[in-house]
Amino acid sequence: MTSKIHPTAIVDADARLHPSVEVGPYTVIGPGVEIGENTWIGPHVVLRGPLKIGRDNRIFQFSSIGEISQDKTARYEDATSVEIGNGNTIREYVTIQRGTLKDTGVTRVGNDNWIMANVHIAHDCVVGSHTILANGTTLAGHITIEDYAGLGGYTLVHQFCRIGAHAFTGGGTVVLRDLPPFVIAEGQPARPRGINSEGLKRRGFTAEQIDQIKDAYKLIYMSGAIMAEVKEKLAEMAKTSEHAGQTLHFIETSKRSLSR
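This text gives an overview of the structure that appears in the document. Since this is a predicted model, take the numbers as computed values, not measurements.

Quick notes on the overall build of the chain
Okay, so step 1: A tally of helices and strands in the chain yields 4 helices and 27 strands.
Okay, so step 2: Taking 260 residues into account, the globule formula puts the C-alpha radius of gyration at 18 Å, and the chain, at 20 Å, falls close to it.
Okay, so step 3: Dimensions of the chain, computed from the C-alpha atoms along their principal axes, are close to 65 × 40 × 30 Å.
Okay, so step 4: In the chain, which comprises 260 residues, the proportion classed as buried is 52%.
Okay, so step 5: Look at the contacts in the chain between residues 6 or more apart in sequence, and 30% of them connect residues 24 or more apart.
Okay, so step 6: Roughly 12100 Å² of accessible area belongs to the chain as shown, and the carbon and sulfur atoms make up 51% of that amount.
Okay, so step 7: Placing the 27 positive and 28 negative side-chain charges of the chain at their respective mean positions leaves the two points 5 Å apart.

A word on the pairing of strand β27 (residues 191-195)
Okay, so step 1: Two strands pair when backbone bridges link them, and strand β26 (residues 183-186) and β27 are joined in this way by 4 bridges, in the antiparallel orientation. Bridging across to β27, Ile184 finds its partner in Gly194.
Okay, so step 2: Counted along the chain from β26 to the antiparallel partner β27, the turn is 4 residues long, and its residue Gly187 has a positive phi close to 115°.

Some remarks on the pattern of salt bridges
Between side chains of opposite charge, pairing is possible as soon as their charged atoms come close.
Okay, so step 1: Counted under the stated rule, the structure contains 10 salt bridges.
Okay, so step 2: Among the salt bridges present, the one from Lys239 reaches Glu236, with a minimum N-O distance of 3.1 Å.
Okay, so step 3: Look at Lys239 and you get exposed, because its relative accessible area is 63%.
Okay, so step 4: Accessibility expressed as a relative area gives 48% for Glu236, which makes it partly exposed.

Describing the packing of helix α2 (residues 207-221) against helix α3 (residues 227-237)
Okay, so step 1: Running from amino to carboxyl end, α2 crosses α3 at an angle of 165°, the nearest separation of the two axes being 10 Å. On the basis of the axis angle, α2 is roughly antiparallel to α3. Of the two possible hands of crossing, α2 and α3 adopt the one that is right-handed. Counting all contacts with α2, which are made through Gln212, Asp215, Ala216, Leu219 and Ile220, the residues of α3 involved are Val230, Lys233, Leu234 and Met237.
Okay, so step 2: Classifying every residue of the contact of α2 with α3 by side-chain character gives 6 nonpolar, 1 polar and 2 charged.

Criteria and thresholds
Residues numbered from 1 in each chain as written. Predicted model: local features only at pLDDT ≥ 70, side-chain atom pairs only at ≥ 80, totals over all residues. Heavy atoms only, no water. Helix = DSSP H or I, 4+ residues; strand = E, 2+ residues; numbered from the N terminus. Rg over C-alpha atoms; globule rule 2.2 N^0.38 Å. Buried < 20%, exposed > 50% of the residue type's maximum accessible area, 1.4 Å probe, protein only. Contact = heavy atoms within 4.5 Å. Areas by Shrake-Rupley, 256 points an atom, 1.4 Å probe, with all protein chains shown as cover. Lys, Arg positive; Asp, Glu negative; His and termini not counted. Charge placed at Lys NZ, Arg CZ, Asp CG, Glu CD. Pairing = 2+ DSSP bridges. Salt bridge = Lys/Arg side-chain N within 4 Å of Asp/Glu carboxyl O. Axes fitted to C-alpha atoms, helices over the stretch in contact; angles between N-to-C directions. Parallel < 35°, antiparallel > 145°, perpendicular 65-115°, else oblique. Left-handed = near helix turned anticlockwise from the far one by under 90°. Nonpolar A, V, L, I, M, F, W, Y, C, P; charged D, E, K, R; others polar.

Here you go:
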């Protein structure tokens, strides 16, 4: 382990690093930090525990992960933490902060995410896997980003919002309500603009599946039906389309209502 840690780095004796972990110059790793195999930590990174980082991650310079949240009620002694999975790329100046006692107490990031420079992930957020968070994206507290979602540069997401799987936002979008799966949105505030057809094609969705998702989108946003009618018709569509069922489940579990 010692041969892969730069001599100017400061690694607390209570931190647990796999022997294959590489740590760059002037990085500070505190007690309670666990890092899995083949993870690379660049220079000038600050990691504060309780923090678990999996294997095969790349964390670039000037990132701060595991710091106490900016919620005014948060205290260093609180039993809160950050958990990060495997295969993530975390670029320059990214901040990922601990959860709070108001929620689960854990901020979570899944696997194979591409998190670009200057992204902020606040307390109690849950980021799934295979997401892309472009430069300057800011997540307020208690946000859920589902798998394969893509957020354009400088997207701002209001606290407690959910972004559905495979959804996509344009640059500078302000998300104030839940954004269902598969939907593209842009604007301030966010407005739906269609479905993420190109992203779905790249991920192997068939033409029939994409047409079914389009039908669900038209029902929600273009039919003029009230939400009770939308749910009823989606339930009927879900008998032959798992993606209509996925959209229905998202709507039924939404706490902030939809961007509609």
